[in-house]
Amino acid sequence: MATQVKGSPPSGFDRAVRGIALIGGILLIALSVTVVVSVTLRSDLVGAAGVPGDFEVVQIATAIAAFCFLPWCQLRRGNIFVDTFTLKLPARWQRRIDALWDIVYALVMALVAWRLAVGARAAFATGENSMVLQVPSYLPIALCSGLAALVAAVAIVTALRLLRTPA
């Protein structure tokens, strides 16, 4: 079930969320190139050392990319749902139930955002860095916290759109 009225142009909010998802995609492409280069350098053909800190780049970029995709997935109603009995209900009730679960999802993602923010603050306070590249650990954690907060905001938006959809 789409949350945008058919035929209406996407809002600025929708475009921003889509842009963040595209950034996640670009990040994954860059990550893939990094892995290919690193593996190629380590091959018997080249015999050099791989890209320094490639495993750190994979860890950081994968987490950030995943959080970049979550808001777009929610906005497009792409999350998995179970409809054991709701399909037999009137569309209005289906939208209300879906909106309720969007609110629950928003609360859970707000909790995730809060705990990630606490973790980022702790990493900042201790001066924790990654082993090879010495990337401050709080940076990707804080970024994921902000993206989790965006997921919560998107879930609120989708809930409101469902509730405002005319019968």
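Further up the page is the structure itself.
Note that the structure is a prediction, hence the values are computed from the model and not measured.

Undergrad: Would you take a moment to explain the packing of helix α2 (residues 54-75) against helix α4 (residues 138-164) for this structure?
TA: Geometry of a packed helix pair, given as the angle between the helix axes and the separation of the axes. Two numbers describe how α2 lies on α4: the axes approach to 8 Å, and their chain directions differ by 10 degrees. In terms of orientation, α2 and α4 fall into the roughly parallel class. Across the interface between the two elements, Ile60, Ala63, Ile64, Phe67, Cys68, Leu70, Pro71, Gln74 and Leu75 of α2 pack against Pro140, Leu143, Cys144, Leu147, Ala148, Leu150, Val151, Val154, Ala155, Thr158 and Arg161 of α4. Per-class residue counts for the contact of α2 with α4 are 17 nonpolar, 2 polar and 1 charged.

Undergrad: Please explain helix α3 (residues 91-126) as it appears in this structure.
TA: It helps to recall that an α-helix has 3.6 residues per turn; residues three or four apart then point in one direction. For α3, with 36 residues, the first-to-last C-alpha span of 52 Å sits near the 52 Å given by 1.5 Å per residue. Within the sequence span of α3, burial applies to Gln94, Arg95, Ala99, Asp102, Ala106, Met109, Ala113, Ala120 and Ala123. Of the surrounding elements, those touching the buried residues of α3 are α2 and α4. Of the residues one or two after α3, Gly127 is the one with positive phi, at around 70 degrees.

Undergrad: Before we go on, may I ask you to explain the side chain of Ser38 in this structure?
TA: Here Ser38 shows up in helix α1 (residues 12-42). For Ser38, a relative accessible area of 0% corresponds to the buried category. Non-local contacts of Ser38, meaning those with residues more than four positions away in its chain, are made with Gly50, Val51 and Asp54.

Undergrad: Explain the layout of surface pockets to me, please; I cannot follow it from the model alone.
TA: Sizing a probe to match a water molecule and rolling it over the atoms shows the empty space that remains. A volume near 460 Å³ is recorded for the largest pocket. Taken together, 16 residues form the lining of the largest pocket, with Arg77, Ile80, Phe81, Asp98 and Trp101 sitting closest to its centre. The leading source of residues in the lining of the largest pocket is α3, at 6 residues. Of the residues in the lining of the largest pocket, the class split is 8 nonpolar, 4 polar and 4 charged.

Undergrad: What is the right way to read the pattern of salt bridges from this model?
TA: Two side chains of opposite charge can pair, provided their charged atoms sit close to one another. Scanning all chains against the criterion turns up 3 salt bridges. Among the ionic pairs, Asp14 bridges to Arg161, the shortest N-O distance being 2.8 Å. Of this pair, Asp14 sits in helix α1 while Arg161 sits in helix α4, and the two are 147 residues apart along the sequence. For the pair Asp14 and Arg161, one class covers both residues: buried.

Undergrad: Where do I start with the packing of α3 against α4 in this structure?
TA: Viewed as axis vectors pointing N to C, α3 and α4 meet at an angle of 165 degrees, and their least axial separation amounts to 7 Å. Relative to α4, the element α3 is oriented roughly antiparallel. The hand of the α3/α4 crossing is left-handed. Here the contact of α3 with α4 is built from residues that sort into 26 nonpolar, 3 polar and 4 charged.

Cut-offs used in this document
Residues numbered from 1 in each chain as written. Predicted model: local features only at pLDDT ≥ 70, side-chain atom pairs only at ≥ 80, totals over all residues. Heavy atoms only, no water. Axes fitted to C-alpha atoms, helices over the stretch in contact; angles between N-to-C directions. Helix = DSSP H or I, 4+ residues; strand = E, 2+ residues; numbered from the N terminus. Parallel < 35°, antiparallel > 145°, perpendicular 65-115°, else oblique. Contact = heavy atoms within 4.5 Å. Nonpolar A, V, L, I, M, F, W, Y, C, P; charged D, E, K, R; others polar. Expected span 1.5 Å × (residues − 1). Buried < 20%, exposed > 50% of the residue type's maximum accessible area, 1.4 Å probe, protein only. 1 Å grid on protein atoms, 1.4 Å probe; cavity = no way out; pocket = protein on both sides within 12 Å on 5 of 7 lines; lining within 4 Å. Points joined across faces, edges and corners; volume = space filled by probe spheres on them. Salt bridge = Lys/Arg side-chain N within 4 Å of Asp/Glu carboxyl O. Left-handed = near helix turned anticlockwise from the far one by under 90°.

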